[in-house]
Amino acid sequence: RVDEWTDVDRKRVMNDIISAMFKKNFMEELFKPQDLYSKKALRTVYDRLAHTSIMRLNQASMDKLYDLMTMAFKYQVLLCPRPRDILLVTFNHLDAIKDFISDSPGILNQVDETFRQLIETYNCLSDGEFQLIRQTLLIFFQDMHIRVSIFLKDKVQNSNGRFVLPISGPVPWGTEVPGLIRIFNHKGVEVKRAEFTTAGNYVTPQREGSFELYGDRVLKLGTNMYSVTRPVETHMSGSSKNLTSQAKENIVPNPLAKEELNFLARLLGGLDIQKPAGGETGFRLNLFTTDEEEEHAAQTRPEELSYKVINIEATQEPGRRAELSRILGELEVAEPRPGSAEKGEDLLALMDGL
């Protein structure tokens, strides 16, 4: 079945991808304390994850899927009422994933184990540490302004690709509705109150979302964006097209290149690409209406916004080292050889003699 997309296919693809994503060695590498890596490294991991099943995507469809996912993630991080709610967004993601594989106990156990690791690692962090995480993520995505049809229709994104922060709705848990100023004396005693009118219509949240393995997260960020069926398009905004100098990877060799490549090799070592078995041909997922649209998108995408995936074969240690050596060799700047000065002097002498 090359052109059909059945529930059986969907379930198989989801099981393959989720199983690979939550594999123990992959999660162990992700949970190690480390610096944030480049956009190229993120795209490499994302590309490998998307192809851990028999499903295949052409470059244009892969770019569109990646654009959609990164902008959705940026939207969720940006609109979190408080930094700690990033964890609730993540738990919403995992709750949805568990629904996909509810009839696969083995994979469900993998997801639950990751759930426990998240709770153990992040529940104890302070608000300041969550604010640092949030700011680091937003800095990473700050130059990406890709317009997404769902966000545009819901008026949460402007035509230039920038998100709109709401001035109404529930205030963050633990805070009060704006409109009251309290004045205290040097002894900490309240001596005066003043009220002011706010532009927004704020309400106090009824309860805090659950940070446990099960429970009501309350926050809706991170839940299904496609609960209402509608087409999804991504478009480069004018500001994105003009960010050529910022979007291009720095051509200066990165001093962390070796560590980043080592990280990628370890991370990708457990992500095996599934190949169709026997007479299976697999199937291709096209995120455009027609093949012609997909081809046109691939040809018209700006070069500086085409994410080049780093190909690393990390299944065997010797092969991994050889591939890393090759890539690192390309990053090194050749130094002048000691004999070059003598050759230059000989050339000058020869020219003087003419």
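You'll find the protein chain entered in an unreviewed UniProt entry as OSCP1 protein, with Rhagologus leucostigma given as the organism.

This part takes up unusual backbone geometry. The backbone of Lys155 shows a phi angle near 60°, a positive value even though the residue is not glycine. When you line up the elements, Lys155 lands in the loop between helix H8 (149–153) and strand E3 (169–170). You will see that Val218, though not glycine, has its phi angle at about 65°, which is positive. Tracing the backbone through its elements, the reader meets Val218 in the loop between strand E6 (202–203) and strand E7 (234–236).

Another point: helix H1 (residues 7–21). For H1, with 15 residues, the first-to-last C-alpha span of 21 Å sits near the 21 Å given by 1.5 Å per residue. The set of residues buried in H1 consists of Asp9, Val13, Asn15, Ile17, Ile18 and Ala20.

In the predicted model, the protein chain carries a mean pLDDT of 76, and 63% of its residues have values of at least 70. Counting contacts from residues 331–341, a segment whose pLDDT is below 50, to residues more than four positions away or on other chains yields three contacts.

This brings us to helix H4 (residues 59–78). Between its first and last C-alpha, H4 extends 28 Å over 20 residues, near the 28 Å set by a 1.5 Å rise per residue. Counting buried residues along H4, 16 of its 20 residues qualify, which places the element largely inside the surrounding structure.

How each quantity is defined
- All residue numbers here refer to positions counted from 1 along the written sequence of the relevant chain.
- The model is predicted, so local features are restricted to residues of pLDDT at least 70 and side-chain atom pairs to those at 80 or more, both for listing and for counting; the totals for chains, interfaces and linings are taken over all residues.
- With hydrogens and water set aside, each side-chain value is computed from the structure's full complement of heavy atoms.
- For the purposes of this entry, the term helix denotes a DSSP run of H or I that reaches at least four residues, the term strand denotes a run of E that reaches at least two, and both are numbered from the N terminus.
- By definition here, a helix of n residues has an expected span of 1.5 Å times n minus one.
- Exposure is judged per residue with a 1.4 Å probe applied to protein chains only, and the accessible area is read against the type maximum: over 50% gives exposed, under 20% gives buried, and values in between give partly exposed.
- A residue's pLDDT is simply how confident the predictor is in it, with values from 0 to 100.
- Contacts between residues were defined by any pair of non-hydrogen atoms, one from each residue, lying within 4.5 Å.

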